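Working through the structure, step by step
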Amino acid sequence: MDNNSAPPPSALNNFRVLYLVTQLVGITIIILVSCWVGIHLNGLAWTSQPAVQFNWHPLLMSVGMIFLYGNSILIYRGFRYASKKALKLTHATIHGAAFVFTVIALVAVFDSHNLARPAPIPNMYTLHSWVGLSAVLLFSLQYVFGFVSYLFPGVREQLRASYMPVHVFFGIAGFVMAIAAALLGLLEKAIFSIPNYAALPAQAILINAIGLMYILYGGLVVFLVTERQYKRHPLPEDVMLLTHSSSTGTS
């Protein structure tokens, strides 16, 4: 199929079904993590209870770096009939919301370690923390470079077009790293906090189920955003905007 041709109706029908399934899986993740936090980890608190403050970390990371990040990646295909400008702003807004949730989640986990009693817990020594911080840094750089490239006025269309493959690749790479970090974090928490993990108590089953949902959600997002048949077809106003931008840049 030509890159510039509209996808066939059957492909769009398949996309809509998979997109809906993806959203349901993402919502299920948030529900399951909320149940884990509420039932097995004593709910939520802030600095007055550092051990409980930690619980904001898996919850907000699941909302920000998993659910919102995935939806930000899919926005151009999920709302293919919206204008390109509206999609750019929505993409940036969802990324911004994910960034806010991520910052709060990082503050929570560092506080829970540094304020732990009777002695502080060391930071940044596990593979989970290294992969997670790398994903956050990549996500942040993507946000900054994407904002400058696609929302900052005066950038030439040729530069935007040449940067797009890089932006797409590292956007997906950062999302995959976030999924990997989440899986490592679940395993780390299970090993540290469940003495009889091998016996598969209720909390262990719930943690394993959350991990499978992470994998399923990540796989669906990556498939939907890389499958060529599901690519967004440019609208007439997009072509007019591109032509106007090119003529303005060369005038």
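Worth saying up front: this structure is predicted, and the values here are computed from it rather than measured. (Residues numbered from 1 in each chain as written. Predicted model: local features only at pLDDT ≥ 70, side-chain atom pairs only at ≥ 80, totals over all residues. Heavy atoms only, no water.)

Comments concerning the overall build of the protein chain
Just so we agree on the cut-off: A run of H or I in DSSP counts as a helix once it spans at least four residues, and a run of E counts as a strand once it spans at least two, with each numbered from the N terminus. In this scheme, a residue with accessible area under 20% of its type's maximum is buried, one over 50% is exposed, and one in between is partly exposed, where area comes from a 1.4 Å probe on protein chains only. Contacts: residue pairs with any heavy atoms within 4.5 Å of one another. Using the Shrake-Rupley algorithm and a 1.4 Å probe, accessible areas are obtained, with residue cover drawn only from the displayed protein chains. Working convention for charge: Lys and Arg count positive, Asp and Glu count negative, and His plus the chain ends are omitted. Charge positions are represented by NZ for Lys, CZ for Arg, CG for Asp and CD for Glu.
Secondary structure assignment for the protein chain yields 8 helices and 0 strands. Seen in sequence order, the protein chain has helices and strands lined up from the N terminus as α-α-α-α-α-α-α-α. Judged by the C-alpha coordinates and their principal axes, the protein chain covers about 70 × 40 × 25 Å. Sorting the 251 residues of the protein chain into buried and exposed places 41% on the buried side. In the protein chain, the share of contacts with a sequence separation of at least 24, taken over all contacts with a separation of at least 6, comes to 75%. In the form shown here, the protein chain has an accessible surface area of approximately 13400 Å², with 73% of it arising from carbon and sulfur atoms. Between the averaged position of the 13 positive side-chain charges in the protein chain and that of its 7 negative side-chain charges there is a distance of 2 Å.

A look at the pattern of salt bridges
Worth spelling out the cut-off: By salt bridge we mean one thing: a side-chain nitrogen of Lys or Arg within 4 Å of a carboxyl oxygen of Asp or Glu.
For the structure on display, the rule yields 1 salt bridge. For the salt bridge of Glu157 with Arg160, the shortest nitrogen-to-oxygen distance reads 3.8 Å. Of this pair, Glu157 and Arg160 both sit in helix α6 (residues 157-193), separated by 3 residues, roughly a single helical turn. Classification of Glu157 as partly exposed rests on a relative accessible area of 23%. The exposure class assigned to Arg160 is buried, which follows from its relative accessible area of 13%.

Topic: the confidence of the model for the protein chain
Just so we agree on the cut-off: Think of pLDDT as the predictor's per-residue confidence, scored from 0 to 100.
Looking at the protein chain, pLDDT values average 89 and 91% of them are 70 or higher. The weakest mean pLDDT in the protein chain belongs to helix α8 (residues 236-250) at 50; the strongest belongs to helix α7 (residues 202-226) at 97. A low-confidence stretch, residues 242-251 (pLDDT under 50), is modelled with 5 contacts involving residues beyond four sequence positions or located in other chains.

Digging into unusual backbone geometry
Going from Arg117 to Pro118, the amide bond is cis rather than trans, its omega being 10 degrees. Within the secondary structure layout, Pro118 lies in the loop between α4 (84-114) and α5 (127-150). One non-glycine residue with positive phi stands out, namely Asn42, at about 70 degrees. One can find Asn42 in the loop between α1 (9-40) and α2 (50-53). For Asn42, a relative accessible area of 65% translates into the label exposed. Of note, Met124 is a non-glycine position whose phi angle comes to about 55 degrees, a positive value.

Some words on the nonpolar core
In plain terms, the rule: By nonpolar core is meant a set of buried Ala, Val, Leu, Ile, Met, Phe, Trp, Tyr and Cys residues that side-chain atoms within 4.5 Å join together.
Formed by 47 residues in total, the largest nonpolar core has its most connected members in Val33, Trp36, Met65, Ile66, Tyr214 and Tyr217. Among the secondary structure elements, those contributing two or more residues to this core are α1, α3 (56-78), α4, α5, α6 and α7. Counting residues per element, this core draws most heavily on α3, which supplies 12 residues. For Met65, the contacting residues outside a window of four places in its chain are Leu60, Thr102, Ala135, Val136, Phe139, Phe175 and Ala178.

Here we look at the packing of aromatic side chains
Here is the rule: Between rings of Phe, Tyr and Trp, where Trp is taken as its six-membered ring, a pair exists when centres lie within 6.5 Å; planes separated by under 30 degrees are stacked, by over 60 edge-to-face, and by other angles tilted. Lysine and arginine charges are scored as sitting over a ring when NZ or CZ, respectively, is within 6 Å of the ring centre and within 35 degrees of the ring normal.
Counted under the stated rule, the structure contains 9 aromatic pairs. Their ring planes at 85 degrees and their centres at 5.0 Å tell us that Phe169 and Phe170 sit as a pair that is edge-to-face. The exposure class of Phe170 is partly exposed, given its relative accessible area of 36%. A connected cluster of aromatic rings, assembled from ring pairs, spans Phe67, Tyr69, Phe139, Phe175 and Tyr217. Directly above the ring of Phe15 sits Arg80, whose terminal nitrogen or CZ lies 5.1 Å from the centroid.

What to know about α3
Keep this limit in mind: Working rule for helices: expected span equals 1.5 Å times residues minus one. The reported bend at a residue is simply the angle between two axes, fitted to the 7 residues ending at it and to the 7 residues beginning with it.
Over its 23 residues, α3 extends only 29 Å from the first C-alpha to the last, a length that falls short of the 33 Å expected when each residue adds 1.5 Å. At Ser72, α3 shows its maximal kink, close to 35 degrees. Burial analysis of α3 places 20 of its 23 residues in the buried class, the great majority of the element.

Quick notes on the packing of α3 against α4
Just so we agree on the cut-off: The axes are straight lines fitted to the C-alpha atoms, using for helices just the contacting stretch, and the angles between their N-to-C directions are given from 0 to 180°. Orientation labels follow simple angle bins: below 35 degrees gives roughly parallel, above 145 gives roughly antiparallel, 65 to 115 gives roughly perpendicular, and whatever is left gives oblique. Definitions for this section: a left-handed crossing has its near helix turned counterclockwise from the far helix by less than a right angle. A right-handed crossing has that turn clockwise. When residues are sorted by character, Ala, Val, Leu, Ile, Met, Phe, Trp, Tyr, Cys and Pro go into the nonpolar class, Asp, Glu, Lys and Arg into the charged class, and all the rest, Gly among them, into the polar class.
At a minimum axis distance of 8 Å, the contact between α3 and α4 shows a crossing angle of 165 degrees. One element, α3, and the other, α4, form an angle in the roughly antiparallel class. Here α3 runs over α4; the crossing is left-handed. Looking at the contact of α3 with α4, its residues break down into 20 nonpolar, 7 polar and 2 charged.

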